[in-house]
Amino acid sequence: DTQQDLRINMKAVKALGQIGDAAAIPTLIRAIAMMGEVQKVGLGPFAFVSLQQILDREAVAEAIMKFGKGQDTAFNDYFAEERKTDPNLKVPVWYIQQAIDFLGIMNYSSPKVVEFLMAEANHMKPDDLDKKSAENAAEAQGFNAEQWATWRRNWAIVALSQVGHD
């Protein structure tokens, strides 16, 4: 029963956060993109809450930034097929947006986090990620690369204000 699997996964994600061990970070990062088969409920919000409960905030921030840059090989391998077809997972800027949002909510202003957010806030011209996002999302949203770049900048500015940097 896939509904039961979703409930079990939700409970597991919550439990991993309550345990608070940094060893759970890769699993919780994968949970960001997990969805129920029957009920299209995402585990992302539960994963983000659990990641906030991990005591090693630096390890969480590092993993989230790696995920946001598309460099989390465990995540990429786990979702290899979905990254070709899923409307979110095939759009590179989705990862950046998830990372930026979480870092703002996490409110952890380490130098590396601020550097990551500042780089996005100063993102003025579309890059390859914006162009690929525009190509991959064209059938669903029709946004161009410049719109993706603007959103990245705006998301980062909001997150920077949340971590106390203007």
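Quick caveat: nothing in here was measured; it's all calculated off a predicted structure.

Cut-off values and rules
- Residues numbered from 1 in each chain as written.
- Predicted model: local features only at pLDDT ≥ 70, side-chain atom pairs only at ≥ 80, totals over all residues.
- Heavy atoms only, no water.
- Helix = DSSP H or I, 4+ residues; strand = E, 2+ residues; numbered from the N terminus.
- Buried < 20%, exposed > 50% of the residue type's maximum accessible area, 1.4 Å probe, protein only.
- Axes fitted to C-alpha atoms, helices over the stretch in contact; angles between N-to-C directions.
- Parallel < 35°, antiparallel > 145°, perpendicular 65-115°, else oblique.
- Left-handed = near helix turned anticlockwise from the far one by under 90°.
- Contact = heavy atoms within 4.5 Å.
- Salt bridge = Lys/Arg side-chain N within 4 Å of Asp/Glu carboxyl O.
- Core = buried A, V, L, I, M, F, W, Y, C linked by side-chain atoms within 4.5 Å.
- Expected span 1.5 Å × (residues − 1).
- Arc of directions from axis to C-beta.

Draft legend 1. Spotlight on unusual backbone geometry. For Asn-107, which is not glycine, the phi dihedral falls at a positive 55°. With respect to the helices and strands, Asn-107 occurs in the loop between helix H7 (92-106) and helix H8 (111-121). On the accessibility criterion, Asn-107 (44% relative accessible area) is partly exposed.

Draft legend 2. Spotlight on the packing of H7 against H8. As a packed pair, H7 and H8 sit with axes 11 Å apart at the nearest point and diverge in direction by 130°. Considering the angle they form, H7 stands oblique to H8. Here H7 and H8 pass one another in a crossing that is left-handed. Judged by residue contacts, Ile-96, Ala-99, Ile-100 and Leu-103 of H7 engage Val-113, Phe-116, Leu-117 and Glu-120 from H8.

Draft legend 3. Focus on the side chain of Gln-98. Its location among the elements puts Gln-98 in helix H7. Ignoring sequence-local partners within four residues, the contact set of Gln-98 consists of Ile-32, Phe-48 and Phe-67.

Draft legend 4. Examining the environment of Gln-53 more closely. In this structure, Gln-53 sits in the loop between helix H3 (44-52) and helix H4 (57-68). Classification of Gln-53 by relative accessible area gives partly exposed; the value is 37%. Between the alpha carbons of Gln-53 and Met-106 there is a distance of 9.8 Å; along the sequence they are 53 residues apart.

Draft legend 5. Focus on the pattern of salt bridges. Overall, the coordinates contain two salt bridges when judged by the stated rule. In this structure, Glu-62 engages Lys-112 in a salt bridge whose closest nitrogen and oxygen atoms are separated by 2.9 Å. Here Glu-62, found in helix H4, pairs with Lys-112, found in helix H8; they are 50 residues apart in sequence, far enough to count as distant. Of the charged contacts in the structure, one is a salt bridge between Glu-81 and Lys-84, with a shortest N-O distance of 3.3 Å. The burial state of Glu-81 is the same as that of Lys-84; both residues are exposed.

Draft legend 6. Examining the nonpolar core more closely. Ile-32, Leu-51, Ile-64, Leu-103 and Leu-117 are the most contacted members of the largest nonpolar core, which totals 47 residues. Broken down by secondary-structure element, the contributors of at least two residues to this core are helix H1 (2-19), helix H2 (25-31), H3, H4, H7, H8 and helix H10 (145-162). Broken down by element, the residue count for this core peaks at nine residues, all from H7. Residues contacting Ile-64, with those up to four places away along its chain left out, are Ile-29, Ile-32, Phe-48, Leu-51, Ala-99, Phe-102 and Leu-103.

Draft legend 7. Quick look at H7. With 15 residues, H7 ought to run about 21 Å at 1.5 Å a step, and its terminal C-alpha atoms sit 22 Å apart, in line with that. H7 sits mainly inside the fold: 13 of its 15 residues count as buried. Phi for Asn-107, located one or two positions after H7, is positive at around 55°.

Draft legend 8. Local environment of H10. In this model, H10 (18 residues) spans 26 Å end to end at C-alpha, consistent with the 26 Å of a helix rising 1.5 Å per residue. Within H10 the residues assigned to the buried category are Ala-145, Trp-148, Ala-149, Arg-152, Arg-153, Ala-156, Ala-159 and Leu-160. Taken down its axis, H10 places every buried residue within 140° of arc, on the same side. In the stretch just after H10, Gly-164 is the one whose phi turns positive, near 90°.

Geometric descriptors of this kind do not, in isolation, establish any biological role.
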